[in-house]
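Architecture and fold: a report
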Amino acid sequence: MASSRRLWAALQGVICVHKPADTHLASLKKRIIAQIVEQGNQAWEGRPPKEIELPIVTEGESGAIWITGTKKQPDYSEHPLVVGPMLHPQDVLVEELGDMEPTTSGICLLGLNDGCEQLPGILERAWPSRYRLEGILGRQTVDNEIKGRVMESGQYEPVSRGRMQKVISKMLANFRRLSFELSGVDAQSEAAFEMARKGIPRPSIPGQLLVQKMDLAVWAPPYFALDLTCSGETDATLRNFVLQIGGSVGTVASPTKLIRLGVGPFLPEHALLWKQLNLQNIVRNIAANRKMLTDFKADQSPVFEEAEPVSVVKGLLDTKKLNSADDEEVDAMRPYWGREYEK
Amino acid sequence: MILCSTTHRILAQLAQYQGKGICVRATSGITRSKKGASVANANSQPPTTSSENTLPGPFELPDKPAFLIDEYLRSITGESKPKSLQKDDSQAALEATKKLGLSSYRAIVYTEDELKKCDLSKPPSPENPHPFNPAHIPPTYSRSIAPYVNTSNCLQALVELGVDLFEVDTSNPTLTKRLVRLDLEKDVKPRLQWLVNEVGFEPSQLGEYLTRNPFFLLQELDDMRARVGYLDSKGFSKEEIVKIVDGCRFWVNFDVETIDHRLGWLHRELKLTAPQIRALISLEPRLIQFGVGQLERISKLLGKELNFRAEQVKRMLIKDPRVFLMNAKTLTETFIYVNRIMRLSKDLISKNPLILRCHLSAIRNRHEFLKKLGRASYEDIEALVPRPHEPSSQLEASRESPAEKSNELIPVVEMALFLHPSDEIFARKAARTYLEVYNDFLRTH
């Protein structure tokens, strides 16, 4: 049995989880809370049962009641079946760093209990996120939703790879110019030149969409895929971005997939999969992330450096195991109403 | 009134209970109620004594001072003078109780003779009875069931059986006030004995069953006998009856007409025979829990919207009745992916209805992984019909895999392997690769 204080202290921090597609963020948070509560109650040190003394009451001759003795019995008012277990779902607070739509998948940073207080600080750092954005030319959906109803169709055959590359380069240049404008630096000045040598200026207004890198990863008309590195984005702005790309090449486009492949220094290998969400892995993940958040402290540089995030020493990460026996306990297909029938 | 020395001593000892509801009256002021309890005559005045032998005031609560009640009464009546609780103020007192959450009780009246036997310096016993301390009474109003368990044999017995009273209390807030009033001998024991002796429950099952169905203790025993008798009349065995009553937690709460109507619907609309209905209900007793509407919705969805044949719908129902408990929208989304993207035939789906109950993200992950490896070949697929507005699952689907290009024989992935609960078995036997490779794929999709 773990000490309850140590266990609770270990459940304060930031966890990195992989959110599957077609799963609401709320159900992911609910799963995390349910696993912490269920396994935490098994690991929690129970309080020893207490005894209390109650009076034995009898009625006297006149009808008045008297105490004629005392009896000892267990104190049921503190029994777990009466007052509930030590950990309750309402005791655990899980908040997301940023909203993710059900159709979006990938890395998701969640604050756990006191770790939620670290989230505003992480947002202020304006870490760039890496995305894989897949789309299809020649159709537009309602509100540019991934699973939206098709509302318009168009021709995509005239669009060539070269034309697509040009549009992407032009958009990237526009974003670079915008970033200089927002940073308050004159684009013709020497300071701007020095900043441009190092990288993209960090936006002075947090929350402003800024695309630093954009590559055409796959071109198989009508399908295409972009690898983006951006900051200040939301799922909706990225989905609308696909429509803008379609409009720039002379047709319409809609997104088919949006995958977040990295948030700042956090990589897919740091994320816990759905089937790996259990108390032990969550505690380990928090400990690993604590070191990472300390190592990558607030970058005061006004420029996003070009350097790639450094992988954390593998020894700290326990999420990658060749023989992950704990995966076997969870039904990977997650059937509704359970798989097996009672014989 | 002249008080004897003994009474003086008792009064001195009772000073510790001052304000806690002990009222001492002279014997002449006592009248007896119908039940024989002595109550103070409302019109009798307390005897006058010297100041050092002042009698305790009217009943007061141990924790809340009486002036709170007086304050409230003044606020509603507008009077400036404090007003004591008297018989004609019982309605106002009741309102004060409800408003402030305070409890009020009838004053306990002890005679002098009774108090003579009382020695508070020694522990209580039948020879040395102590006056009752109202602090032991549970509160009249409470937000939870916890204050009542220590003084209720019935609730203690339920806890010892394993009933999660916390779960029952929080899930059914209006039920608790009825549970607290249950009598162990008259209400609880007969029902539990019927469940164990006549129905066939194990005693170890009772706690968990009562947690899921606390309303069982409020049902009429004869009605429940009739409901179980209905199952017996329809040919269900004793083991099946136990499984049904335990599996569908509210089965014994539904009346016979409702159950009969729902089972009759299965017989009429889906053309099921009596043995088939028996097998179906004993396999999944919760099938009729949501009523005919749910069954009809899914039946029409599968038959008319998704175009399954009647025998295919029946096959799915008999093999995996939980499909009929699904949400219609979720079921449709999963079917569209399985039939149109994975191209599984309706016949194959009807033989493996579990695939419709699996989470769409899990199905999608496994299919896309197999597609990426060029191993997405299933037992029975439908011919590819190009649909203008439905893209493939991902970009790799638009390109032929290397295996397809070289016309190699791709081993067919059986549905049992595709739907296996373990990712490790799926990765090794269906995808012919390692679990770590599949996990890396999951992290980037």
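This is a predicted model, so every value here is computed, not measured.

**Notes on the overall build of chain B**
- Secondary structure assignment for chain B yields 24 helices and five strands.
- Burial statistics for chain B: of 445 residues in total, 47% are counted as buried.
- Surface accessibility of chain B: about 22,800 Å² in total, with carbon and sulfur atoms responsible for 51%.

**A look at the sheet that holds strand S3 (residues 65-74) of chain A**
- Strand order in the open sheet made by the three strands is S2(A)-S3(A)-S5(B), with antiparallel pairing throughout. The open sheet has two edge strands with one neighbour each: strand S2 (51-59) of chain A together with strand S5 (130-131) of chain B.
- Pairing between S2 of chain A and S3 of chain A: nine bridges, direction antiparallel. Note on S3 of chain A: the bridge partner recorded for Thr58 of chain A is Trp66 of chain A.

**A short note on the pattern of salt bridges**
All names here are of chain B.
- For the structure on display, the rule yields 28 salt bridges over all chains.
- One salt bridge in this structure joins Arg309 and Glu311, with 2.8 Å as the shortest N-O distance.
- Relative accessible area serves as the criterion here: at 44%, Arg309 is assigned to the partly exposed category.
- Among the residues examined, Glu311 registers a relative accessible area of 44% and is labelled partly exposed.
- Residue Arg366 is joined to Asp423 by a salt bridge in which the shortest nitrogen-to-oxygen separation is 2.8 Å. In this pair, Arg366 sits in helix H20 (residues 360-373) while Asp423 sits in helix H23 (residues 423-430), placing the two residues 57 residues apart along the sequence.

**Observations concerning the packing of helix H9 (residues 184-199) of chain B against helix H11 (residues 221-233) of chain B**
Residue and element names in this part refer to chain B.
- Orientation of H9 relative to H11, taken along the N-to-C sense of each, is 20°, at an axis distance of 11 Å. As the angle between them shows, H9 and H11 are arranged roughly parallel. You can see that H9 and H11 cross each other, and the crossing is right-handed. Counted together, Pro190, Arg191, Trp194, Glu198 and Val199 of H9 and Leu221, Met224, Arg225 and Val228 of H11 form the full contact between these two elements.
- Of the residues assigned to the contact of H9 with H11, the class counts are six nonpolar, no polar and three charged.

**Quick look at the interface of chain A and chain B**
- On the chain B side, the residues contacting the 74 residues of chain A number 77 residues.
- Applying the counting rule to chain A against chain B returns four salt bridges.
- Here Lys275 of chain A and Asp423 of chain B are joined by a salt bridge, their closest N and O atoms 2.6 Å apart.
- Counting the contacts that link chain A with chain B gives 31 residue pairs in polar contact (both at pLDDT 80 or more).
- With eight residues, the top contributor of residues to the side of chain A that touches chain B is S3 of chain A.
- A class-by-class count of the residues in the side of chain A that touches chain B yields 36 nonpolar, 19 polar and 19 charged.
- Looking at chain direction, S3 of chain A and S5 of chain B are connected through two bridges and run antiparallel. Within the sheet, the bridge partner assigned to Trp66 of chain A lies in S5 of chain B and is Pro131 of chain B.

**Focus: the confidence of the model for chain B**
Residues and elements named next belong to chain B.
- Overall, the predicted model of chain B reaches an average pLDDT of 79, with 72% of residues at or above 70.
- Taken element by element, the predicted model of chain B shows its lowest mean pLDDT in strand S2 (residues 30-32) (31) and its highest in helix H19 (residues 354-357) (97).
- The low-confidence segment residues 387-407, where pLDDT is below 50, has 36 contacts with residues more than four positions distant or belonging to other chains.
- Across the interface, the model reports ipTM at 0.86; the global pTM reads 0.79.

**Structural notes on a nonpolar patch on the surface**
- Among the surface-exposed residues, Tyr336 and Trp337 of chain A together with Phe290 of chain B lie close enough to one another that they form a single nonpolar patch of about 270 Å² accessible area.
- Looking at the secondary structure, you find Tyr336 of chain A in the segment after strand S13 (303-305).
- Taking relative accessible area as the criterion, Tyr336 of chain A reaches 30% and is therefore assigned partly exposed.

**Concerning the pairing of strand S6 (residues 129-137) of chain A**
Residue and element names in this part refer to chain A.
- Of all nine residues in S6, nine are buried, a share of seventy percent or more.
- Burial of the side chains of S6 extends over both faces: Ser129, Tyr131, Leu133, Gly135 and Leu137 are buried on one face and Arg130, Arg132, Glu134 and Ile136 on the other.
- Where S6 lies against strand S11 (residues 223-231), eight bridges are found, and the strand directions are antiparallel. By the bridge assignment, Tyr131 is partnered in S11 with Leu228.

**Description of empty space enclosed by the protein**
- Counted by the stated rule, this structure contains five cavities of 30 Å³ or more.
- Roughly 200 Å³ of internal volume is contained in the largest cavity.
- What lines the largest cavity is a set of 14 residues, and nearest its centre among them are Trp274, Ala332 and Arg334 of chain A together with Asn365 and Leu442 of chain B.
- Sorting elements by how many residues they give to the lining of the largest cavity places H20 of chain B first, with four residues.
- A per-class count over the lining of the largest cavity returns seven nonpolar, three polar and four charged.

So, how was this worked out
Residues numbered from 1 in each chain as written. Chains lettered and ligands numbered in written order. Predicted model: local features only at pLDDT ≥ 70, side-chain atom pairs only at ≥ 80, totals over all residues. Heavy atoms only, no water. Helix = DSSP H or I, 4+ residues; strand = E, 2+ residues; numbered from the N terminus. Buried < 20%, exposed > 50% of the residue type's maximum accessible area, 1.4 Å probe, protein only. Areas by Shrake-Rupley, 256 points an atom, 1.4 Å probe, with all protein chains shown as cover. Pairing = 2+ DSSP bridges. Salt bridge = Lys/Arg side-chain N within 4 Å of Asp/Glu carboxyl O. Axes fitted to C-alpha atoms, helices over the stretch in contact; angles between N-to-C directions. Parallel < 35°, antiparallel > 145°, perpendicular 65-115°, else oblique. Left-handed = near helix turned anticlockwise from the far one by under 90°. Contact = heavy atoms within 4.5 Å. Nonpolar A, V, L, I, M, F, W, Y, C, P; charged D, E, K, R; others polar. Polar contact = N/O pair within 3.5 Å; in protein donor to acceptor, adjacent residues only side chain to side chain. pLDDT = per-residue confidence, 0-100. Patch = residues over 30% accessible without salt bridge, like charges linked within 9 Å, V, L, I, M, F, W, Y side chains within 5 Å. 1 Å grid on protein atoms, 1.4 Å probe; cavity = no way out; pocket = protein on both sides within 12 Å on 5 of 7 lines; lining within 4 Å. Points joined across faces, edges and corners; volume = space filled by probe spheres on them.

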